[in-house]
Number of protein chains: 6
Amino acid sequence: MLYVTRREVFSASHRLFNKQLSDAENEEIFDKCSNPHGHGHNYVLEVIVSGEINPKTGYVIDLKKLKRIVRENVIKKVDHKHLNYDTGFLKNIIPTAENIAVGIWNELYDKITEGRLFSVKLYETENNYVEYRGE
Amino acid sequence: MLYVTRREVFSASHRLFNKQLSDAENEEIFDKCSNPHGHGHNYVLEVIVSGEINPKTGYVIDLKKLKRIVRENVIKKVDHKHLNYDTGFLKNIIPTAENIAVGIWNELYDKITEGRLFSVKLYETENNYVEYRGE
Amino acid sequence: MLYVTRREVFSASHRLFNKQLSDAENEEIFDKCSNPHGHGHNYVLEVIVSGEINPKTGYVIDLKKLKRIVRENVIKKVDHKHLNYDTGFLKNIIPTAENIAVGIWNELYDKITEGRLFSVKLYETENNYVEYRGE
Amino acid sequence: MLYVTRREVFSASHRLFNKQLSDAENEEIFDKCSNPHGHGHNYVLEVIVSGEINPKTGYVIDLKKLKRIVRENVIKKVDHKHLNYDTGFLKNIIPTAENIAVGIWNELYDKITEGRLFSVKLYETENNYVEYRGE
Amino acid sequence: MLYVTRREVFSASHRLFNKQLSDAENEEIFDKCSNPHGHGHNYVLEVIVSGEINPKTGYVIDLKKLKRIVRENVIKKVDHKHLNYDTGFLKNIIPTAENIAVGIWNELYDKITEGRLFSVKLYETENNYVEYRGE
Amino acid sequence: MLYVTRREVFSASHRLFNKQLSDAENEEIFDKCSNPHGHGHNYVLEVIVSGEINPKTGYVIDLKKLKRIVRENVIKKVDHKHLNYDTGFLKNIIPTAENIAVGIWNELYDKITEGRLFSVKLYETENNYVEYRGE
């Protein structure tokens, strides 16, 4: 079994805000991440697929194909978007890196037809990143 | 003469939009960068100061001091902000990387008291960056 | 379950030397890493915490809080220090990357109060790094 | 138990081509990667060894020794080579990143005499990489 | 005046060989870079354009447009190619990084219609790069 | 004319301390950089040579040769050393990045026999670097 990874980058805005809490509670929890006009990141996404090598191609999954799946099902929904307003699969969800990673996992899971989705890693900054393995 | 550089990172939103043009013209020029809710980046800023070495310290300018000047005069005005709405020195300016770099130059120029400001480099993504040298 | 990572950098000196061995044995084992005056690195530290998402915040652990825990309990003890002389938790330990990683794990383990410490990764150079998972 | 990693870089050419298929089938599967004259990459290789710390040295395995093992058994066979023609351990194998990683694992496995080989990671580009753990 | 940069990556093979010299002379000069089957790199290209800001757009040149110019005039001629055989503008030229950079300058110079081409930087590896400014 | 760059990395300790000042003055100026036991960095050095392309080789200077010159004249004097005690060309000099860069320029200047030394860039951390061009 091998693990193959495709890396993509997208630029998006977000605001961390829990609608069920008061403004004061939101500011206490989220501080400057709760700025009303939002702020943004160049998110780096790594999608990791596990599987066996197909002897005909030498691939687990053709990375050109994985790239298309990721761009079609994730990147076009998040790149140059405000994640709180423009991205259907994040509606009514606090768009922390953790929740975005879980959302991306759900968008991709049944689209991977060779091998299986093993992990979604999401870098919010060069110092902060999260990983979700469907566990 | 030497050139000394301090690198800082900030996370911000922006929307490219020229108020003097129609929505159709804005979309034609700025395309997805003109998305009404904005999008964002982890901007990487490099501030380069030129000058001679002070023999007492071995420094052109103490980089700890340069870091404080950059954070006080730039970073706290742009980090976790929406550049179109929250940043005074960018009011009524289309916040392209070019215009942000010129704005940062103007915020910093007379705050550098040892050596002189030589260049402002601003990376918007890993593939796009601009430089302004006050020319 | 998710994995969240905070990255920090610190600059330190060390000397690889086993006091229970002769100078000749030390030089044979550690070679230039045993230079008496020491040498140094910009160490890159990644602290990985695993846990479930708190629905109130969308966080496993607030990365601003994790940053404070890592800086308070590790970075202030190792940054701009000589690890053989200045760092209590490395006293009488050969400060290889392996031993430093285990020491950092021990300093952090019971300070992580949301989620649990999963891994400590330590990059000594761009070509050499180690990981400890408490196994 | 710890995991220690040595990173090496090599520059090589390859052509993706399955001799048992027609030219048309090869072009359909491999597209521009099947260009007859080949193309190339700066491959980044990470070799990860797991094991316990030797109390005499503080090492799992001396990374200077691991570097020599990797250079002797892998790098000198692949660096500045065409992988389809010049590299014995890849003869008659489609040199995808997956197959190269498995080949490197096999070249290294019994050469690691302290600790045991845990993983081979191979970056073909900054956006595509694979990992093999002997599973 | 500002300087704006677009970065692109391409994967190519090359062989350093001067047809006017003997095989022995070639091997003495180019050593392993003269391996008959060639070797390859992930070349990183930076194209830098200088000019004044257009007040209507805030751009020196729209980086989306610069990206198209670079891809159309350079990347499609060199990516996934063998530079000695497949790239017209390098025919009968020893494809050192220096000569490739000059060739790319010549392909691009009169295609840049806003601002003017200021510099072509070409990274052959993470340790070796060249720059040409048309001087 | 072209500019060709060779990048090297070295790991060293230093202490910022001016012998002609009191301990209190040193601490005020250099703060934690004046810690008596020193601290260290993975310094990244870029040596840039300018010159014309030699038509016989396609090189300004063979980068393999430049690598040997830099390693022989600089790296072996600073790598795995304490710059205050072990490095002859820095004796009695406060080893700031600025002074180290000037020292490296002086060690290299007349050793470059093809093209001429154009610039020495020295990264002390990922956020701080200096450049000296002999001006």
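Counting of residues starts from 1 at the beginning of each chain's written sequence and follows it residue by residue. Naming scheme: in the order in which they are written, chains are lettered from A and ligands are numbered from 1. Where totals are concerned, whole chains, interfaces and linings use all residues; where local detail is concerned, this predicted model gives features only for residues with pLDDT of at least 70, and gives and counts side-chain atom pairs only at 80 or more. Side-chain calculation: all heavy atoms of the structure are included, whereas hydrogens and water are not.

Here we come to the overall build of chain A. Tallying secondary structure elements over chain A gives 4 helices and 5 strands in all. Helices (α) and strands (β) of chain A occur, in sequence order from the N terminus, as β-α-β-α-β-α-α-β-β. Any residue under 20% of the maximum accessible area for its type is buried, any over 50% is exposed, and the rest in between are partly exposed; the area is computed with a 1.4 Å probe on protein chains only. For chain A, the proportion of its 135 residues judged to be buried stands at 64%. Whether two residues are in contact is decided by their heavy atoms: any pair within 4.5 Å suffices. Long-range contacts, defined here as pairs at least 24 residues apart, represent 67% of the contacts in chain A between residues at least 6 apart. Calculation of accessible area relied on Shrake-Rupley with a 1.4 Å probe; when residues are assessed, cover is drawn exclusively from the protein chains displayed. Split by element, the accessible area of chain A, about 5500 Å² in all, is 46% carbon and sulfur. The sign given to each residue is positive for Lys and Arg and negative for Asp and Glu; His and the chain ends receive no count. Charge coordinates come from a single atom per side chain, which is NZ of Lys, CZ of Arg, CG of Asp or CD of Glu. If the 19 positive side-chain charges of chain A are averaged to one point and the 20 negative ones to another, these points end up 10 Å apart. Segments assigned H or I by DSSP are reported as helices when at least four residues long, segments assigned E as strands when at least two residues long, and all are numbered from the N terminus.

A few words now on the interface of chain B and chain A. Note: interface size is frequently given as the accessible area lost on complex formation between the parts. Listed per partner, the contact involves 23 residues of chain B and 23 residues of chain A. By buried area we mean the combined loss of accessible area, with a 1.4 Å probe, across both parts when two parts are placed together. Both sides of the chain B and chain A interface together cover about 1800 Å² of buried area, and 45% of this is carbon and sulfur. Ranking the residues of chain B by area buried against chain A places His37(B), Asn42(B) and His80(B) at the top, with a combined share of 34%. Should a side-chain nitrogen of Lys or Arg be within 4 Å of a carboxyl oxygen of Asp or Glu, the pair is scored as a salt bridge. Linking chain B with chain A are 4 salt bridges, by the criterion used here.

On to the relation of the copies chain F and chain C, then. The transform that puts chain F on chain C rotates by 180° and translates by 0.0 Å along the axis, for an RMSD of 0.0 Å. Expressed as a symmetry operation, the mapping of one chain copy onto the other fits a two-fold axis. When the interface residues of chain F are mapped onto chain C, 100% of them are again interface residues, pointing to one common binding face. For the least-squares superposition of copies, only C-alpha atoms count, and only for residues with pLDDT at least 70 in both.

With that out of the way, let us pick up the interface of chain F and chain C. If you look at the interface, chain F gives 23 residues, while chain C gives 23 residues. At the boundary of chain F with chain C, total buried surface from both sides reaches about 1800 Å², with 45% on carbon and sulfur atoms. Contact with chain C buries surface across chain F, with His37(F), Asn42(F) and His80(F) losing the most and accounting together for 34% of the total. Two N or O atoms form a polar contact when they lie within 3.5 Å of each other; inside protein one atom must be a possible hydrogen donor and the other a possible acceptor, and for residues adjacent in sequence the pair counts only when both atoms belong to side chains. Our count for the chain F to chain C interface comes out at 24 residue pairs in polar contact (both at pLDDT 80 or more). Within the residue set of the side of chain F that touches chain C, elements represented by two or more residues are strand 1 (2–14), strand 2 (39–51), strand 3 (81–82) and helix 3 (83–86) of chain F. In terms of residue class, the side of chain F that touches chain C is built from 4 nonpolar, 12 polar and 7 charged. Think of it as three bins: nonpolar holds Ala, Val, Leu, Ile, Met, Phe, Trp, Tyr, Cys and Pro, charged holds Asp, Glu, Lys and Arg, and polar takes everything else, Gly as well.

Looking now at the relation of the copies chain B and chain A. With an RMSD of 0.0 Å, the operation that places chain B on chain A is a rotation of 180° combined with a shift of 0.0 Å along the axis. Taken as a fraction of all interface residues of chain B, those also at the interface in chain A reach 100%, which identifies the copy contact as same-surface.

Residues and elements named next belong to chain C. Under the definition given, this model contains 60 salt bridges over all chains. Close ionic contact of Lys76 with Glu72 constitutes a salt bridge, the shortest N to O distance being 2.8 Å. Of the two residues, Lys76 and Glu72 both sit in helix 2 (residues 63–78), 4 residues apart, roughly one turn of that helix. The partly exposed category is assigned to Glu72, whose relative accessible area is 45%.

Moving on: the arrangement of the chains. If you take every C-alpha in chain B and every C-alpha in chain D, the smallest gap between them is 12 Å, and the two do not touch. Separated throughout, chain D and chain F approach each other most closely at a C-alpha pair spaced 14 Å apart.

This part covers helix 1 (residues 23–30) of chain D. Within helix 1 of chain D the residues assigned to the buried category are Asn26(D), Ile29(D) and Phe30(D). Buried residues of helix 1 of chain D, seen end-on, are gathered within an arc of 75° and therefore sit on one face of the element. Exposed positions of helix 1 of chain D whose direction lies more than 90 degrees from the buried face are Ala24(D), Glu27(D) and Glu28(D). On its buried face, helix 1 of chain D is in contact with helix 2 (63–78) of chain A. One or two steps after helix 1 of chain D, the chain reaches Asp31(D), where phi turns positive at roughly 55°. By arc we mean the arc of the directions from the helix axis to the C-beta atoms, nothing more.

Trans is the common state for peptide bonds, and a negative phi is the common state for residues other than glycine. A positive phi angle, close to 60°, is found at His80(B), a residue other than glycine. Topologically, His80(B) is positioned in the loop between helix 2 (63–78) and strand 3 (81–82). With a phi close to 65°, Asn92(E) is a non-glycine residue in the positive phi region. Note that Asn92(E) resides in the loop between helix 3 (83–86) and helix 4 (97–108).

This part covers the pairing of strand 4 (residues 116–123) of chain B. The two faces of a sheet get side chains in turn, since along a regular strand they alternate between them. Residues and elements named next belong to chain B. Burial within strand 4 is extensive, with 6 of its 8 residues counted as buried. Following DSSP output, two strands are said to pair if at least two bridges run between them. Sheet topology note: the strand 2 (residues 39–51)/strand 4 ladder contains 7 bridges and is antiparallel. Its bridge partner being in strand 4, Ile48 is matched across the sheet by Ser119. Two elements, strand 4 and strand 5 (residues 128–132), share 4 bridges in a ladder whose sense is antiparallel. From the neighbouring strand, Lys121 faces strand 5, where its bridge partner is Glu131. Counting the residues that bridge the hairpin from strand 4 to strand 5 gives 4 residues.

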